[in-house]
Amino acid sequence: MKILKNARLIDGTGAAPVDGATIVLRDNRIDAVATRNQSDFPADAEIIDAAGLTVLPGLIDCHDHMANHRYDLAHRWRLDEPQSTRHLRTAAVLKQTLAAGYTTVRDAAGLDAGFKRAIEEGLIDGPRLVLSLAIVSPFGGIGDAVSPSGLPLDDCCCIPGDPLLPESVCNGIDDVRQVVRKMVRAGADVIKCATTGGASSRPGHGPRDGAFNLDEMQALVDEAHALDRRVMCHALGGRGLDIAIEAGVNSIEHGTYLNENPRHLERMAERGIFFVPTLLVYEYHRRSPQPHVKARAEALYEPHIESIKRALRIGVKVVAGTDAGGHGHPANAGELECLVKSGMTPMQAIQAATGWAAECLGQEAELGTVEPGKLADLVVVSGDPLADISLLRDIKRIALVIKDGEIAVARM
Ligand SMILES: [Zn+2]
């Protein structure tokens, strides 16, 4: 049994913080949360005095690419270093991400199920993982890797021939259904797909250029749901965004032009579709040396912020995802600072990376809030993130990370 006492608690539900909280952990679960100090603790309990510290639920990043480290073609096509070196680089990022207070990460393609197994077996340290493996898209979509010379390579997120990162390009409803099944067979916990281009996709396939028709997307969503997998869909604007929402995906990733059609966000609110704006990656793209990428990132900035503001007004849940990977692995909590700059309160930004994020993953029964019965994933920070959200990305402020009831990192 572990007991954190004298803590300031932000529990992830959106409730006001509580001072002098006592949080009792038994095995890997939160056993009790008391809002007044107690002193009669069992003799064998491990007491952690959190005076002056803030306890939050373990943080959740709903869109990361843990196994990607740069955007250049040689790296994306896995030509630049031995696979073993790359895997160890990825293992280092997994460890660093956990140490930053992120106890759960949804990987939006590139990470294979072997990493999840290695973490579960204790071979390496890292967050709980929710895996998508690869981006399902048709010919010409963002999962279809073609070089500027026109030469295709299998899939940008895929080592050719690696059965753990299945081929993800598919066309027509039969093919789409098969690819969803192959992803699940290879260990996908969620299906990642794309119905538009993006800021960094090739010239000619931009944020409003579509991929997949409605029949294909409906087949993809139906098949994923039949296999109890949610669908996270990269979609920025135009017809492809419309098709994704119409097909009933569970989250819209990026969603930069959601506000262009007033019905988009209304339908998302009606259907409980989450919005993962991934602001951090566009800060990077606005500085891109590639003119088409920079121009797209600059053009989408204002509409993106307006989309987030309206989403919050009409009750669409906005959750935190960094889209880290290609742009390196900056502190994931930088996304929370971006969310506050786009109009969220600090409390909403914390919910976006805790309670709401767990709902986005469909794991709200186990994760995302500090409440009795939930898994004991906690992060303890020095200072008050409600007064200054940016302190969450300062690794020196992360005093303690507890995952599954075990102390993963301690700096106190
Ligand atoms: Zn992404």
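Further up the page is the structure itself.
A quick note: this is a predicted structure, and the numbers were derived from the prediction, not measured.

Focus: the environment of Gly343
1) Next: If you trace the backbone, Gly343 turns up in the loop between helix H10 (334-341) and helix H11 (346-352).
2) Next: Judged by relative accessible area, Gly343 falls into the partly exposed class, the value being 45%.
3) Next: Along the backbone, Gly343 and Arg310 are 33 residues apart, and their C-alpha atoms lie at a distance of 10.0 Å.
4) Next: Once residues within four sequence positions are removed from consideration, Gly343 is found in contact with Lys309, Leu312 and Gln348.

Focus: the coordination of the zinc ion
1) Next: Taken together, the protein donors to the zinc ion comprise His63 (NE2), His65 (NE2) and Asp323 (OD), at separations of 2.1 Å.
2) Next: Read in sequence order, the donor residues coordinating the zinc ion give the pattern H-x1-H-x257-D. Both residues of the pair, His63 and His65, count as buried.

Description of the pairing of strand S17 (residues 398-403)
1) Next: Buried residues dominate S17, accounting for six of its six residues.
2) Next: Pairing analysis gives four bridges linking strand S16 (residues 378-382) to S17, with the strands arranged antiparallel. For Val379, the partnering residue across the bridge sits in S17 and is Val401.
3) Next: As paired elements, S17 and strand S18 (residues 406-410) share four bridges and run antiparallel to each other. Bridge pairing in S18 places Val401 opposite Val409.
4) Next: Hairpin connection of S17 to S18: two residues between the antiparallel strands, including Asp404 at a positive phi of 55 degrees.

Focus on the nonpolar core
1) Next: Within the largest apolar cluster, 92 residues are counted, with the highest numbers of intra-cluster contacts made by Val136, Ile191, Met217, Leu220, Ile252, Met268 and Leu392.
2) Next: Setting aside its immediate chain neighbours within four residues, Met217 contacts Cys193, Thr195, Phe212, Cys233, Ile243, Ala244, Ala247 and Val249.
3) Next: Ile48, Leu53, Val380 and Leu400 belong to the second largest nonpolar core, which has 18 residues in total.

Topic: the sheet that holds strand S12 (residues 190-194)
Strand pairing in a sheet is mediated by backbone hydrogen bonds. Such pairs are either parallel or antiparallel.
1) Next: The strand order across the open sheet built from five strands is S9-S12-S13-S14-S15, with neighbouring strands paired in parallel fashion. Two strands lie at the open edges of the sheet, namely strand S9 (135-136) and strand S15 (274-276), each paired on one side alone.
2) Next: Note: S9 against S12, two bridges, orientation parallel. Opposite Ile135, over in S12, you have Lys192 as the bridge partner.
3) Next: Each of S9, S12 and strand S13 (230-235) is contacted by helix H5 (residues 214-226), which is oriented at about 150 degrees to S13, the strand it contacts most.

Section: the pattern of salt bridges
1) Next: The full count for this structure, using the stated rule, is 26 salt bridges.
2) Next: Among the ionic pairs, Lys294 bridges to Glu298, the shortest N-O distance being 2.9 Å. Of this pair, Lys294 and Glu298 are both found in helix H9 (residues 291-314), four residues apart, which corresponds to roughly one turn of the helix.
3) Next: By relative accessible area, which is 44% here, Glu298 ends up partly exposed.
4) Next: Sharing partners across several salt bridges, the network here consists of Arg239, Asp242, Glu246 and Arg267.

What counts as what
Residues numbered from 1 in each chain as written. Predicted model: local features only at pLDDT ≥ 70, side-chain atom pairs only at ≥ 80, totals over all residues. Heavy atoms only, no water. Helix = DSSP H or I, 4+ residues; strand = E, 2+ residues; numbered from the N terminus. Buried < 20%, exposed > 50% of the residue type's maximum accessible area, 1.4 Å probe, protein only. Contact = heavy atoms within 4.5 Å. Donors = N, O, S within 2.8 Å, 3.2 Å for Na, K, Ca; no water. Pairing = 2+ DSSP bridges. Core = buried A, V, L, I, M, F, W, Y, C linked by side-chain atoms within 4.5 Å. Axes fitted to C-alpha atoms, helices over the stretch in contact; angles between N-to-C directions. Salt bridge = Lys/Arg side-chain N within 4 Å of Asp/Glu carboxyl O.

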